[in-house]
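Chains, contacts and geometry: an overview
Each chain, written out:
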Amino acid sequence: GLGIGKLLSSTDHVTLDPGFVNTASCTSDITFIDGDAGILRYRGYPIAELAEKSSFLETSYLLIYGELPTPAQLTEFTDKLSMHTLLHEEMRGFFNGFPRDAHPMPVLSSGVSALSTWYQDSLDPFDPAQVELSTIRLMAKLPTIASYAYKKSIGQPLMYPDNSLGYVENFLRLTFGVPTTPYEVDPVVARTLDMLLILHADHEQNCSTSTVRLVGSGHANLFASVSSGIHALSGPLHGGANQAVLEMLAGIQESGGDVRDFVRRVKDKEPGVKLMGFGHRVYKNFDPRSVIVKKAVRDVLDRMAKPDPLLDLAMQLEEIALADDYFVSRKLYPNVDFYTGLIYKAMGFPTKMYTVLFALGRLPGWIAQWREMISDPATKIGRPRQVYTGPTERHYPA
Ligand code: ACO
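Residues numbered from 1 in each chain as written. Predicted model: local features only at pLDDT ≥ 70, side-chain atom pairs only at ≥ 80, totals over all residues.

The next subject is the overall build of the protein. Looking only at helices and strands, one finds 17 helices and three strands in the protein. Here the C-alpha radius of gyration of the protein, 22 Å, is about what a compact globule of 398 residues would show, namely 21 Å. Across its three principal directions, the C-alpha atoms of the protein cover 75 × 60 × 45 Å. Relative to its full complement of 398 residues, the protein shows a buried share of 40%. Contacts in the protein between residues far apart in sequence, at least 24 positions, make up 78% of those at least 6 positions apart. (Helix = DSSP H or I, 4+ residues; strand = E, 2+ residues; numbered from the N terminus. Rg over C-alpha atoms; globule rule 2.2 N^0.38 Å. Buried ≥ 20, exposed ≤ 12 C-beta atoms within 10 Å, placed from the backbone. Contact = placed C-beta atoms within 7 Å.)

Here's what the structure looks like:
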């Protein structure tokens, strides 16, 4: 008939590995994960120690440059970032071009993409001075772009950065402040957000990071590569899960709060019904980040005096799932984003911004991985093979 068959002749030596479950794409010195033991380390440092003792900028420096900074190095890094927080004034017009109800993730990605139109200092995207400047620009400007995406979505005027503030404090003011009214940063909110950014800062070759490397392997610049990574992050199976968890919890609440019935629908594999925030490709016992987040969520909600009935629903869901053979036999546990949305909600972020916060956290990891890739002599253009299953040769009708 159609002559459909497997033409394996030129690919019979390739490995078919959908989802790259068993395929390493690179060697890396940056992040170590042991999924069975629930271990995550950045440059050798356990995630729990960094979350407790480090700051997001210090951890970013560690990821990008390989070692913890000295106090002088950290000051220099922080000062450089403060000097680059402003966006070109004409970028305001760029934000005005989006529809008012635009989701902030594509606005964020577009903003990063647009940076490469404003900063074309060198034709060689791998020129070391250019890479360093792009690193600083991107780290400094992403919070500004993120807050502009938010302001745009609620129709408020854009704020200018206040460079006397810390990285996270400045972002909070850009997001929640309004011109002419002084904005007081809540130190509990700032510290908790800083800690959450640390937890998200790198996770070796996940979907978005692999995207950043793949785009960069074709010698695209850092802005283009990270812009692509932001799109990869946006999907609900990846970074978009934090938004999806909150929507799931709100949906359960709206339909009467029957957690057991929801779990039944998940187990029956009703189309589109998954326990969002559960499961991970690599962690098969627990996600060490989720343990830290779970501890923080109670603390934050208590200290901010914001009890949330959705937290009770989430805890019930977790309890039921952890005792249910469907989840236990498939090794499904809460991942980092099962509880983060509840914290972001208590802080006042709208649901649509949750994945943007993930992107702010993941940025130093993307940059570190991109820089490692371009300096690794073993790097080649990323180009997976396939196993062709379409028609064999056939001829156009005479
Ligand atoms: N709810 C219900 N069932 C699930 C879930 C879930 N959250 N996750 C996996 N399963 C089931 C699958 O249906 C499958 O069942 P089967 O063997 O009967 O077919 C089995 O568990 C294995 O799942 P896979 O999809 O093959 O696992 P994979 O490693 O490909 O997927 C993923 C991992 C994408 C994270 C998945 O667990 C998922 O979709 N989770 C929900 C979304 C989510 O929380 N994503 C965030 C991930 S972490 C991050 O990016 C921050």
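What follows continues from the structure just given.
Consecutive side chains along a regular strand alternate between the two faces of the sheet. The side-chain alternation of strand E1 (residues 31–34) yields one buried face, formed by Thr 31 and Ile 33, and one unburied face, formed by Phe 32 and Asp 34. Bridge count for E1 against strand E2 (residues 39–42) is four bridges, and the pairing is antiparallel. In the strand pairing of E2, Asp 34 is matched with Ile 39. (Pairing = 2+ DSSP bridges.)

Moving on, we get to helix H2 (residues 56–65). Most of H2 is tucked away, with nine of its ten residues classed as buried. Within H2, burial applies to Phe 56, Leu 57, Glu 58, Thr 59, Ser 60, Tyr 61, Leu 62, Leu 63 and Ile 64. Of the residues one or two after H2, Gly 66 is the one with positive phi, at around 100 degrees.

What follows covers the UniProt feature "active site" (unreviewed entry) in the protein. The feature "active site" (unreviewed entry), as annotated in UniProt, sits at His 280 and Asp 337 in this numbering. Across 58 residues of sequence, these annotated residues stay compact in space, with a maximum C-alpha separation of 10.8 Å. Tracing the backbone through its elements, the reader meets His 280 in the loop between helix H12 (259–267) and helix H13 (288–303). The contact partners of His 280, leaving out residues within four places of it in the chain, are Asp 287 and Asn 335. Locating Asp 337 in the fold gives a position in helix H16 (residues 337–347). A residue is classified by how many C-beta atoms lie within 10 Å of it, and Asp 337, with 28 of them, is buried. (UniProt positions renumbered as here; feature names shortened; annotations may be inferred.)

Across the interface, helix H11 (residues 241–254) lies against helix H17 (residues 354–375) with an axial gap of 7 Å and an inter-helix angle of 150 degrees. In terms of orientation, H11 and H17 fall into the roughly antiparallel class. As H11 runs across H17, the sense of the crossing is right-handed. Between H11 and H17, the residues in contact are Asn 242, Gln 243 and Leu 246 and Tyr 354, Thr 355 and Phe 358, respectively. Of the residues that constitute the contact of H11 with H17, the class distribution is three nonpolar, three polar and no charged. (Axes fitted to C-alpha atoms, helices over the stretch in contact; angles between N-to-C directions. Parallel < 35°, antiparallel > 145°, perpendicular 65-115°, else oblique. Left-handed = near helix turned anticlockwise from the far one by under 90°. Nonpolar A, V, L, I, M, F, W, Y, C, P; charged D, E, K, R; others polar.)

In the neighbourhood of the ligand, 19 residues make up the surrounding shell, with Ala 241, Lys 274, Leu 275, Gly 279 and Arg 281 lying closest. For the shell around the ligand, the residue count by class is eight nonpolar, seven polar and four charged. (Near = placed C-beta within 6 Å.)

Another aspect to go through is the pairing of E2. Across the two faces of E2 the burial differs, with Leu 40 and Tyr 42 buried and Ile 39 and Arg 41 not buried at all. Both E2 and strand E3 (residues 45–46) contribute to a ladder of two bridges, which runs antiparallel. Along E3, the bridge assignment pairs Arg 41 with Pro 46. In this structure, the hairpin formed by E2 and E3 is closed by a connection of two residues, where Arg 43 is found at a positive phi of approximately 50 degrees.

The next thing to look at is the confidence of the model for the protein. Mean pLDDT over the protein: 93, with 97% of residues reaching 70 or higher. Taken as a whole, residues 1–8 scores under 50 in pLDDT and shows twelve contacts with residues more than four places along the chain or in a different chain. Here the predicted complex carries an ipTM of 0.96, next to a pTM of 0.94. (pLDDT = per-residue confidence, 0-100.)

This paragraph deals with the sheet that holds E3. Judged by pairing direction, the sheet is antiparallel, and its three strands sit side by side in the order E1-E2-E3 without closing on themselves. Of all the strands in the sheet, just E1 and E3 have a single pairing partner and so form its edges.

The next thing to look at is the packing of H2 against H17. The N-to-C vectors of H2 and H17 enclose an angle of 15 degrees; their axes lie 8 Å apart at closest approach. The angle between H2 and H17 places the two elements in the roughly parallel class. Considering only the axes of H2 and H17, their crossing is right-handed. Of the residues in H17, those touching H2 at Ser 60, Leu 63 and Ile 64 are Pro 364, Gly 365, Ile 367, Ala 368 and Arg 371.

Next up on the list: the environment of His 280. Since 20 C-beta atoms lie within 10 Å of it, His 280 is described here as buried. His 280 sits 55 residues away from Asn 335 along the chain, and the two C-alpha atoms are 6.6 Å apart.

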